[in-house]
Amino acid sequence: MGKAIIRTAKASDCEALAQLRCTYVTNQYQGYLLPELGEQNHPEAYLPRFLEAVNQPTRVLEVLEMGGKLCGYVLYGPDTDAEGWGLLVEAICLTDSEHLQLLIQYALKSLAAMGYPQVHVWAMHDNFRLRYLYEQCGFRRDGTQRTQSCSDGQLFFMRYQYTRQA
């Protein structure tokens, strides 16, 4: 598929990123997609989010490009809920978990260079593959949880933390 390149996203990438997000949600939640998420799962719904991220000075949006095609992205920046901490907002890759780990490690290194050697990330309680991946990248649960209401009841999220070793 070609050499993997991680670079800063541009406004011209946003339509492809919106489509990538739509494909990811369809693949990841196939068979148990919440009705409200299914209704919103189209590129036009995600496009404003990516345009905002590209133009937001406090967040960094990096893309993974292979063979001239966008295959993943990572969004990160300061954690506005925890002073002095970074936040891994989202990381998605359509190729494989190794490239997703590459994106996460890149974000962790960049956050440390920005002055955030400690990083938080939230994971849905039922997403065992993602939680395992975060643990493989050095994140550990910190015991903080939050819930979000949805049509089927509640979604449960767990917070993980990472501390970069000197």
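See the structure shown above.
On a predicted model such as this, the values are computed, not experimentally measured, just so you know.

Asks: For the overall build of the chain, give the residues involved together with the corresponding values.
Replies: A count of helices and strands for the chain gives five helices and seven strands. Traced from its N-terminal end to its C-terminal end, the chain shows the element sequence β-α-α-α-β-β-β-α-β-α-β-β. On C-alpha atoms alone, the chain measures out to a radius of gyration of 16 Å, which is about the 15 Å that the 2.2 N^0.38 rule sets for 166 residues. Oriented by its inertia axes, the alpha-carbon framework of the chain measures out at about 45 × 40 × 30 Å. Expressed as a percentage of the 166 residues in the chain, the buried residues total 43%. Of the contacts made within the chain by residues no fewer than 6 positions apart, 60% connect residues no fewer than 24 positions apart. Counting every atom, the chain has about 9,300 Å² of accessible surface; 49% of that belongs to carbon and sulfur.

Asks: Mind laying out the packing of aromatic side chains, listing which residues take part and the relevant values?
Replies: Under the defined criterion, the tally for this structure stands at four aromatic pairs. Aromatic pair Tyr134 and Tyr160: ring centres 6.4 Å apart, planes at 55°, arrangement tilted. On the criterion of sequence distance, the pair formed by Tyr134 in helix 5 (residues 128-136) and Tyr160 in strand 7 (residues 153-163) is long-range, its members being 26 residues apart. Under the relative-accessibility criterion, Tyr134 is labelled buried at 3%. Overall, Tyr160 belongs to the buried group, its relative accessible area being 0%. Taken together through their ring pairs, the aromatic side chains of Tyr134, Phe139, Tyr160 and Tyr162 make up a single cluster. Its guanidinium or amino end placed over the ring of Phe157, Arg146 lies 5.3 Å from that ring's centre, counting from NZ or CZ.

Asks: How would you summarise the pattern of salt bridges if you had to cite specific residues and measurements?
Replies: If charged atoms from side chains of opposite charge come close, those side chains can pair. Taken as a whole and assessed by the stated rule, the structure comprises five salt bridges. A salt bridge links Arg7 to Glu65; the nearest nitrogen and oxygen atoms lie 2.8 Å apart. Of this pair, Arg7 sits in strand 1 (residues 4-8) while Glu65 sits in strand 2 (residues 60-66), and the two are 58 residues apart along the sequence. Judged by relative accessible area, which is 18%, Glu65 ranks as buried. Between Glu90 and Arg49 there is a salt bridge, with its nearest N and O atoms 2.8 Å apart. Linking Glu90 in strand 4 (residues 86-93) with Arg49 in helix 3 (residues 43-55), this pair joins segments that are 41 residues apart in sequence.

Asks: Outline the sheet that holds strand 1, supporting the account with residue identities and numerical values.
Replies: What the seven strands build is an open sheet, ordered 1-2-3-4-5-7-6; its pairing is mixed. The sheet terminates laterally at strand 1 and strand 6 (140-150), the two strands that pair on one side only. The mean angle between the axes of side-by-side strands here comes to 25°, regardless of whether they run parallel or antiparallel. Two strands pair when backbone bridges link them, and strand 1 and strand 2 are joined in this way by five bridges, in the antiparallel orientation. Note that in strand 2 the partner of Ile5 across the bridge is Glu65. Here helix 3 sits on the sheet and contacts strand 2, strand 3 (69-78) and strand 4; the angle it forms with strand 2, its principal contact strand, is near 110°.

Asks: Go over the side chain of Glu62 with me, naming the residues and quoting the values.
Replies: Residue placement: Glu62 occurs in strand 2. This buried residue, Glu62, is left without a salt bridge; Arg7 holds the nearest opposite charge, at 7.8 Å. Within the local environment of Glu62, its side chain forms a polar contact with the side chain of Tyr76, the two groups lying 3.1 Å apart. For Glu62, the residues in contact, after removing those within four places along its chain, are Ile6, Arg7, Thr8, Ala9, Gly72, Tyr73, Val74, Tyr76 and Tyr106.

Asks: So, the environment of Ala112: which residues are in play, and what are the values?
Replies: Checked against the element boundaries, Ala112 lands in helix 4 (residues 97-113). According to the relative accessible area criterion, Ala112 is partly exposed, its value standing at 24%. Sequence-wise, Ala112 and Gly86 are 26 residues apart; in three dimensions their C-alpha atoms are separated by 8.3 Å. Beyond its immediate chain neighbours, meaning those up to four positions away, Ala112 contacts Pro117 and Arg164.

Asks: Which residues make up helix 4, and what values go with them?
Replies: For helix 4, with 17 residues, the first-to-last C-alpha span of 24 Å sits near the 24 Å given by 1.5 Å per residue. Those residues of helix 4 that fall on the buried side of the exposure criterion are His99, Leu100, Leu103, Ile104, Ala107, Leu108, Ser110 and Leu111.

Rules behind the numbers
- Residues numbered from 1 in each chain as written.
- Predicted model: local features only at pLDDT ≥ 70, side-chain atom pairs only at ≥ 80, totals over all residues.
- Heavy atoms only, no water.
- Helix = DSSP H or I, 4+ residues; strand = E, 2+ residues; numbered from the N terminus.
- Rg over C-alpha atoms; globule rule 2.2 N^0.38 Å.
- Buried < 20%, exposed > 50% of the residue type's maximum accessible area, 1.4 Å probe, protein only.
- Contact = heavy atoms within 4.5 Å.
- Areas by Shrake-Rupley, 256 points an atom, 1.4 Å probe, with all protein chains shown as cover.
- Phe/Tyr/Trp six-rings, centres within 6.5 Å; stacked < 30°, edge-to-face > 60°.
- Lys NZ or Arg CZ within 6 Å of the ring centre and 35° of its normal.
- Salt bridge = Lys/Arg side-chain N within 4 Å of Asp/Glu carboxyl O.
- Pairing = 2+ DSSP bridges.
- Axes fitted to C-alpha atoms, helices over the stretch in contact; angles between N-to-C directions.
- Lys, Arg positive; Asp, Glu negative; His and termini not counted.
- Polar contact = N/O pair within 3.5 Å; in protein donor to acceptor, adjacent residues only side chain to side chain.
- Expected span 1.5 Å × (residues − 1).

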